[in-house]
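# Descriptive analysis of the structure
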Amino acid sequence: FGGDPRTGEELETSLRDNLKRIEPCWKREARKGAAATGEIVLPMSVSAGVPILQALGVVARAVDNGWFAERVLGMRSSLERGESLTNAAATSGLFATLYLHMLSVGEESGALAEMHGEIAESCEAEVEYELKRMSDLIEPLLIVAIGGVVFVLALGVYLPMWDLARAAKGGG
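The paragraphs below set out a description of the structure included in this document. (Residues numbered from 1 in each chain as written. Predicted model: local features only at pLDDT ≥ 70, side-chain atom pairs only at ≥ 80, totals over all residues. Heavy atoms only, no water.)

### Brief notes about the overall build of the protein chain
Where we set the bar: Runs of E in the DSSP output that reach at least two residues are strands. Runs of H or I that reach at least four are helices, and both are numbered from the N terminus. In this scheme, a residue with accessible area under 20% of its type's maximum is buried, one over 50% is exposed, and one in between is partly exposed, where area comes from a 1.4 Å probe on protein chains only. Contacts are residue-level and defined by heavy atoms, with any inter-residue pair within 4.5 Å sufficient. Accessible surface is estimated by sampling points in the Shrake-Rupley manner with a 1.4 Å probe; for residues, cover comes only from the protein chains shown.
Along the backbone of the protein chain there are seven helices and zero strands. Starting at the N terminus and walking to the C terminus, you meet the elements of the protein chain as α-α-α-α-α-α-α. A total of 172 residues make up the protein chain; the buried ones form 26% of that total. Here the contacts in the protein chain between residues at least 6 apart in sequence split such that 46% fall between residues at least 24 apart. Put simply, the protein chain shows about 11200 Å² of open surface, and 64% of that area lies on carbon and sulfur atoms.

The following block contains the structure:
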């Protein structure tokens, strides 16, 4: 009945990528991580002499998130239609306003590769900060959980000993 023409593996990959994108705790980090990867690969490719359209194709293959890769390929098609890189990036919805302004400045000044490097460093720093913050939030929960496990194990050891002591006194 007009089902999805994709294979099971493609559907699974698409579902996994979408879950990465919408999972509340990891959504921003996954997106920033993919953006950081893209912002590292793109200037390296362009500075190596690869045309920007081909470099965006390389970026789409380099990131491990299909949703992000689709947006990068959308940017590529926007560039093929003659839009500026900043407009294509804004339309894709991948980048925060700060990064769009940085791209705009890089385009206008002719220092696009350097600006991509700055964006990549900023994205990496944000991802590191968010991961550190999340681990700082999870750490107390893990300590409580480990304490609970130790408590249950201690009860498992001491309860039989107390029963044995009570039986030895003749009270049980």
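### Describing the packing of aromatic side chains
Put simply, the rule is: Pairing of aromatic side chains requires ring centres within 6.5 Å, counting the rings of Phe and Tyr and the six-membered ring of Trp. Pairs whose planes differ by under 30 degrees are stacked, by over 60 edge-to-face, and all others tilted.
Scanning the entire structure with this criterion turns up one aromatic pair. Measuring from ring centre to ring centre gives 6.1 Å for Tyr158 and Trp162, while their planes differ by 25°; the resulting arrangement is stacked. With a gap of four residues between them, Tyr158 and Trp162 both fall in helix 7 (residues 112–169), about one helical turn apart. By relative accessible area, Tyr158 is classed as partly exposed at 42%.

### Some points on the packing of helix 5 (residues 85–92) against helix 6 (residues 97–109)
The packing of two helices is summarised by the inter-axis angle and the distance between the axes. Heads up, the rule is: Interaxial angles span 0 to 180 degrees and are taken between N-to-C directions of axes, which are lines fitted to C-alpha atoms, for helices over the stretch in contact. These descriptions rest on fixed angle ranges, namely under 35 degrees for roughly parallel, over 145 for roughly antiparallel, 65 to 115 for roughly perpendicular, and the rest for oblique. With the far helix as reference, a near helix turned anticlockwise by less than a right angle produces a left-handed crossing, and one turned clockwise produces a right-handed crossing. Nonpolar residues are Ala, Val, Leu, Ile, Met, Phe, Trp, Tyr, Cys and Pro. Charged residues are Asp, Glu, Lys and Arg, and all others, Gly as well, are polar.
In the contact formed by helix 5 and helix 6, the axes pass within 9 Å of each other and the chain directions differ by 165°. One element, helix 5, and the other, helix 6, form an angle in the roughly antiparallel class. When you trace helix 5 past helix 6, the crossing you get is right-handed. Counting all contacts with helix 5, which are made through Leu85, Thr86, Ala89 and Ala90, the residues of helix 6 involved are Leu100, Leu103, Ser104 and Glu107. Each residue belonging to the contact of helix 5 with helix 6 can be placed in one class, and the counts come to five nonpolar, two polar and one charged.

### Details of the environment of Phe68
Residue position: Phe68 is located in helix 4 (residues 66–80). Given the relative accessible area of 3%, Phe68 is considered buried. In this structure, the C-alpha to C-alpha distance between Phe68 and Gly93, residues 25 residues apart in sequence, is 9.8 Å.

### Focus on the nonpolar core
The condition is simple: We define a nonpolar core as any set of buried Ala, Val, Leu, Ile, Met, Phe, Trp, Tyr and Cys residues linked to one another through side-chain atoms lying within 4.5 Å.
Among the nonpolar cores identified, the biggest contains 25 residues, and Val72, Met75, Leu94 and Phe95 are the most heavily contacted of them. By residue number, the principal contributor to this core is helix 4, which donates six residues. Not counting chain neighbours up to four residues away, the residues in contact with Met75 comprise Leu56, Leu85, Ala88, Ala89, Ser92, Leu94 and Phe95.

### A look at the side chain of Ser92
Stated formally: Side-chain atoms alone can form a polar contact between residues adjacent in sequence; in general such a contact is a pair of N or O atoms within 3.5 Å, and within protein one must be able to donate a hydrogen while the other accepts it.
Locating Ser92 in the fold gives a position in helix 5. A polar contact of 2.7 Å, which involves the side chain of Ser92, links it to the backbone oxygen of Ala89. Excluding residues within four positions of it along the chain, Ser92 makes contact with Arg71 and Met75.

### Here we look at a nonpolar patch on the surface
Put simply, the rule is: Patch membership is restricted to residues that have no salt bridge and whose relative accessible area is over 30%. Joining uses 9 Å for like charges and 5 Å for the nonpolar side chains Val, Leu, Ile, Met, Phe, Trp and Tyr. For this document, the term salt bridge refers to a Lys or Arg side-chain nitrogen within 4 Å of an Asp or Glu carboxyl oxygen.
A cluster of nonpolar residues, Leu137, Ile138, Leu142, Ile146 and Val150, forms a patch on the protein surface that exposes about 480 Å² of accessible area. Note that Ile138 resides in helix 7.

### As for the packing of helix 4 against helix 5
As a packed pair, helix 4 and helix 5 sit with axes 9 Å apart at the nearest point and diverge in direction by 145°. The two elements helix 4 and helix 5 cross, and the hand of that crossing is right-handed. Side by side, helix 4 and helix 5 meet where Arg71, Met75, Ser78 and Leu79 of the first sit next to Leu85, Ala88, Ala89 and Ser92 of the second. Of the residues belonging to the contact of helix 4 with helix 5, the class tally is five nonpolar, two polar and one charged.

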